[in-house]
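Here's the letter readout for the chains.
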Amino acid sequence: MSKNAAYLSVLIVLIIAISFFSPFNTQGKGNVAIVDLDLIAAELGRNTSIDSEVTAFIDEQNIKLNTFRNLLRAKIEQDTKALESDSEATEEAKQALVNLIQRAEAELNQSIAQSEKGAELLRQKLVFTFRDEVKPIARTIAKDEGMQIVMIKANGMLDIAPEADISKKVVEAMLAIRTEPPKDAPIPTTDDSTTKSATE
């Protein structure tokens, strides 16, 4: 066997092996399902409700911050007037006022930072809660479609096959669940006794 023939034989074997062990399925829809959380949230109106809840939290924090800011301002103004009216004010007293102003500014900045962090943590909590609601529904749909992995759509994904995106089906399933009556809801009845008692 020539070197070229031997090389060709090895190449054919490698091609067969790669195609056999490749994790990508060339038939059907593949093994990976993609869900677009942003799209699902928008379709269900959850992005609006999340924004509203975070905004309400921020408004509440702003009220507290303004109250705290006013208290600090009043204290500083009171101490400043007392210092200005005291002709015998010492350097220690003046420095104490400067320290008060600096401490008040630091406490206010710290409160603002905590408020902003709280708003971000609240948003993350609401998003995670929504994701947990989507997860079992997406898993069920993916399983029914013969897919083994469910991934959240990310910016780094350059191209997604349309058949791999199950977001619309997730939206439809969640809307269907939303419109289902509660399991313990009473069953309407039209017997004579019920009709009579209702009209009496």
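So, how was this worked out
- Residues numbered from 1 in each chain as written.
- Predicted model: local features only at pLDDT ≥ 70, side-chain atom pairs only at ≥ 80, totals over all residues.
- Heavy atoms only, no water.
- Helix = DSSP H or I, 4+ residues; strand = E, 2+ residues; numbered from the N terminus.
- Buried < 20%, exposed > 50% of the residue type's maximum accessible area, 1.4 Å probe, protein only.
- Contact = heavy atoms within 4.5 Å.
- Salt bridge = Lys/Arg side-chain N within 4 Å of Asp/Glu carboxyl O.
- Axes fitted to C-alpha atoms, helices over the stretch in contact; angles between N-to-C directions.
- Left-handed = near helix turned anticlockwise from the far one by under 90°.
- Expected span 1.5 Å × (residues − 1).
- Core = buried A, V, L, I, M, F, W, Y, C linked by side-chain atoms within 4.5 Å.

Mapping Leu97 onto the fold places it in helix α4 (residues 91-144). A relative accessible area of 13% places Leu97 in the buried class. Every residue in contact with Leu97, bar those within four places of it in the chain, is listed here: Ile76, Asp79, Thr80 and Leu83.

Below, the discussion takes up the pattern of salt bridges. Tallied over the full model, the rule gives nine salt bridges. Between Lys168 and Glu43 there is a salt bridge, and its shortest N-O distance comes to 3.4 Å. Of this pair, Lys168 sits in helix α5 (residues 167-179) while Glu43 sits in helix α2 (residues 37-44), and the two are 125 residues apart along the sequence. Residue classification places Lys168 among the partly exposed residues on the basis of a relative accessible area of 48%. For Glu43, a relative accessible area of 45% translates into the label partly exposed. In this structure, Asp132 and Lys135 form a salt bridge, with 3.7 Å as the shortest nitrogen-oxygen distance. Taken together, the residues span about one helical turn, with Asp132 and Lys135 both in helix α4 at a distance of three residues.

Across the interface, α2 lies against α5 with an axial gap of 9 Å and an inter-helix angle of 35 degrees. Here α2 and α5 pass one another in a crossing that is right-handed. Contacts from Leu39, Ile40, Glu43 and Leu44 in α2 reach Ser167, Lys168, Val170, Val171, Met174, Leu175 and Arg178 in α5.

Here helix α3 (residues 46-85) is 40 residues long and its end C-alpha atoms lie 58 Å apart, about the 58 Å a rise of 1.5 Å per residue gives. Buried within α3 are the following residues: Ile50, Val54, Gln61, Leu65, Leu72, Ile76 and Leu83. Residues of α3 that are buried make contact with α4.

As a further point, take the nonpolar core. Nonpolar side chains tend to gather and get buried jointly when the protein is soluble and globular. Counting 17 residues, the largest nonpolar core has Ile40, Phe130, Val134, Ile166, Val170 and Met174 as its most contacted members. Mapped by element, the contributors of at least two residues to this core are β1 (32-35), α2, α4 and α5. Per element, the largest residue contribution to this core is six residues, and it comes from α4. Residues contacting Val170, with those up to four places away along its chain left out, are Val35, Ile40, Val134, Ile137, Ala138 and Ile141. Counting residues in hydrophobic clusters, the runner-up holds seven residues, among them Leu72, Ile76, Leu100 and Ala104.

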